[in-house]
Amino acid sequence: MCKTIQLRHGDGGIHTSKLINDIFYRYFGNPILLKGRDSAIFEMSKGRLAYSTDSFVVKPIFFKGGNIGKLAACGTINDLTVSGAKPLYLSAGFIIEEGFDIGQLERIVSSMQEVCSKTNTLVVTGDTKVLDRGSVDGIFINTSGIGSIYDNYNPDPIGIGDEIIITGGIGEHGTAIAIRRYDLNIQGNIKSDCDSLTNILVGIKKFLPHVKMMRDPTRGGMATSLNEIAEEQGIEILLEEDSIPIADEVKGVTEILGLDPYYLACEGRMILISEKGYGEKIVKTINKLENGKDAVLIGRVVDKSKGIVCLRTTIGGKRRLYALSNSMLPRIC
């Protein structure tokens, strides 16, 4: 096999077939995919389905804690998960620049398959396109996914007293990307939180009748996601600054760079809004999971009809958190 991607790898001929067999079938191989059809054909049980799609253009492609492949798999799987669904099937479309290193492509595909294996999700169809040098910045990936929504997840409207949970520290993915992108010589262990959330959904399954909403705070971060919820539901959310988990290293780096962790994407965190009185029970359950040990209750719904998010500060003041209005860190996912 060649060591780099050539235009002929995208022409549909024998070199395309070899790339598909040597890389994609090697890692994603399963009975549905290996049939080689133009469309995946599979049986589905009756019930509600979730369907999601997303494209990933992160720069840099490799970063501490992950790469574009892990991000692509986790991104779509998490979108299904926070919809209350068990992820089942993914598609994967690759747009690759001529000259891209095939060893790096293999690392990317391998990391995607690791996530899929962990979550019992199958890549059942896909596509590969190769463009001339300079037409693509290395590699872009599109993933779509289908999942089956749990029967006991039927979220009710959010009301006063309902409780806001975050499943771990915020700002870590964005900070890891910034350090790598700007080649900062910073010592420490800051890495992306990029991870799948399916085990959290499974862990809290018995509490799903008391969960009003779930979101993964990706682009725009936690503050923007909560503003979207507040506006949709016509509620006022009050967060407690002292309760929001932000690592000291993240605070230090973002202060140097002029970034705000409230607005930096998280790629392995979940926001949950639970029925009043159930927040602490859900947090204790999530805390037993490896990727949920830092889950915490961070606020409550305090009013109806306002559609705003406010923060009670450490010194006891109150300020409004707005949705992100300017580009803070582009190509973060």
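Conventions we followed
- Residues numbered from 1 in each chain as written.
- Predicted model: local features only at pLDDT ≥ 70, side-chain atom pairs only at ≥ 80, totals over all residues.
- Heavy atoms only, no water.
- UniProt positions renumbered as here; feature names shortened; annotations may be inferred.
- Helix = DSSP H or I, 4+ residues; strand = E, 2+ residues; numbered from the N terminus.
- Buried < 20%, exposed > 50% of the residue type's maximum accessible area, 1.4 Å probe, protein only.
- Contact = heavy atoms within 4.5 Å.
- Areas by Shrake-Rupley, 256 points an atom, 1.4 Å probe, with all protein chains shown as cover.
- Lys, Arg positive; Asp, Glu negative; His and termini not counted.
- Charge placed at Lys NZ, Arg CZ, Asp CG, Glu CD.
- Pairing = 2+ DSSP bridges.
- Axes fitted to C-alpha atoms, helices over the stretch in contact; angles between N-to-C directions.
- Arc of directions from axis to C-beta.
- Domains from an automatic or database assignment.
- Buried area = accessible area lost by both parts, 1.4 Å probe.
- 1 Å grid on protein atoms, 1.4 Å probe; cavity = no way out; pocket = protein on both sides within 12 Å on 5 of 7 lines; lining within 4 Å.
- Points joined across faces, edges and corners; volume = space filled by probe spheres on them.
- Nonpolar A, V, L, I, M, F, W, Y, C, P; charged D, E, K, R; others polar.

The protein is annotated in an unreviewed UniProt entry as Hydrogenase expression/formation protein HypE from Vallitalea guaymasensis. Heading Sequence similarities (unreviewed entry) of the UniProt record for the protein holds this comment: "Belongs to the HypE family."

Glancing now at the overall build of the protein. The helix and strand inventory of the protein stands at 8 helices and 13 strands. When the backbone C-alpha atoms are referred to their principal axes, the protein occupies close to 65 × 50 × 35 Å. Counting every position in the protein, which comprises 333 residues, the buried fraction comes to 52%. The contacts in the protein between residues at least 6 apart in sequence include a share of 84% that link residues at least 24 apart. On the protein, roughly 15,300 Å² of surface is accessible, and the fraction owed to carbon and sulfur atoms is 48%. Where the 39 positive side-chain charges of the protein centre and where its 40 negative ones centre are 4 Å apart.

Across a sheet, strands are paired by hydrogen bonds formed along the backbone, either parallel or antiparallel in direction. As summarised here, the arrangement of the 4 strands in space is β1-β6-β4-β5, forming an open sheet in which the pairing is mixed. The strands lining the two open edges of the sheet, one partner per strand, are β1 (49-56) and β5 (122-131). Pairs of neighbouring strands in the sheet enclose a mean axial angle of 15°, with direction left out of account. Pairing between β1 and strand β6 (residues 139-149): 8 bridges, direction antiparallel. Within the sheet, the bridge partner assigned to Asp 54 lies in β6 and is Thr 143. The strands touched by helix α3 (residues 102-119) are β4 (85-97), β5 and β6; relative to β4, the strand with the most contacts, the crossing angle is about 175°.

Moving on: helix α7 (residues 248-257). The set of residues buried in α7 consists of Val 250, Val 253 and Thr 254. On an axial view of α7, the arc spanned by its buried residues comes to 95°, and they lie on one face. Along α7, the residues that are exposed and aim more than 90 degrees away from the buried face are Asp 248, Glu 255 and Ile 256. The elements touched by buried residues of α7 are α4 (172-181). Following α7 by one or two positions, Gly 258 has its phi on the positive side, about 75°.

Next up on the list: the domain arrangement of the protein. Segmenting the protein into domains produces domain 1 (7-149) and domain 2 (163-320). Here the C-alpha centre of domain 2 lies 27 Å away from the C-alpha centre of domain 1. Each partner contributes to the interface: domain 1 provides 22 residues, whereas domain 2 provides 22 residues. Counting the surface lost from both domain 1 and domain 2, the interface buries some 1,800 Å², and carbon and sulfur atoms represent 62% of this. Its largest share of buried area at the contact with domain 2, domain 1 owes to Lys 64, Asn 78 and Val 82, together 32% of the area lost on that side.

A sheet is described by the order of its strands in space; here 7 strands give the open sequence β8-β10-β7-β11-β9-β12-β13, paired in mixed fashion. This sheet does not close on itself; its edge strands, each paired only once, are β8 (211-215) and β13 (318-321). With strand direction ignored, the average angle separating the axes of adjacent strands in the sheet is 25°. Relative to strand β11 (residues 296-304), strand β9 (residues 235-240) runs antiparallel, the two being bridged by 5 bridges. Residue pairing across strands places Ile 237 opposite Val 301, the latter belonging to β11. Helix α8 (residues 279-286) contacts β7 (163-166), β8, β10 (271-274) and β11 of the sheet and is inclined by roughly 15° relative to β7.

Of the voids in this model, the largest pocket is the one considered here, and its volume is about 580 Å³. Taken together, 24 residues make up the lining of the largest pocket; nearest its centre are Glu 172, Lys 191, Arg 269, Lys 293 and Asp 294. When grouped by side-chain class, the residues that make up the lining of the largest pocket number 6 nonpolar, 8 polar and 10 charged. In this structure, the second largest pocket occupies an estimated 440 Å³ of space. In terms of lining, the second largest pocket is formed by 22 residues, of which the most central are Ile 20, Tyr 25, Leu 33, Gly 126 and Asp 127.

Attention now moves to the environment of Thr 4. With respect to the helices, strands and loops of the structure, Thr 4 is situated in the segment before α1 (14-28). Taking the C-alpha atoms as reference points, Thr 4 and Gly 66, separated by 62 residues in sequence, lie 22 Å from one another.

Those residues carrying the UniProt feature "domain: PurM-like C-terminal" (unreviewed entry) are residues 160-308 in this numbering. For residues 160-308, helix accounts for 32% and strand for 19%, while the C-alpha atoms at its two ends are 13 Å apart.

At the junction of Lys 59 and Pro 60, the peptide bond is cis and its omega measures out at 5° in the coordinates. Looking at the secondary structure, you find Pro 60 in the loop between β1 and β2 (62-63). In this structure, Ser 305 takes a positive phi of about 75° despite not being glycine. Here the phi dihedral of Arg 331 falls at roughly 50°; this positive angle occurs in a residue that is not glycine. Following the sequence through the fold, Arg 331 ends up in the segment after β13.

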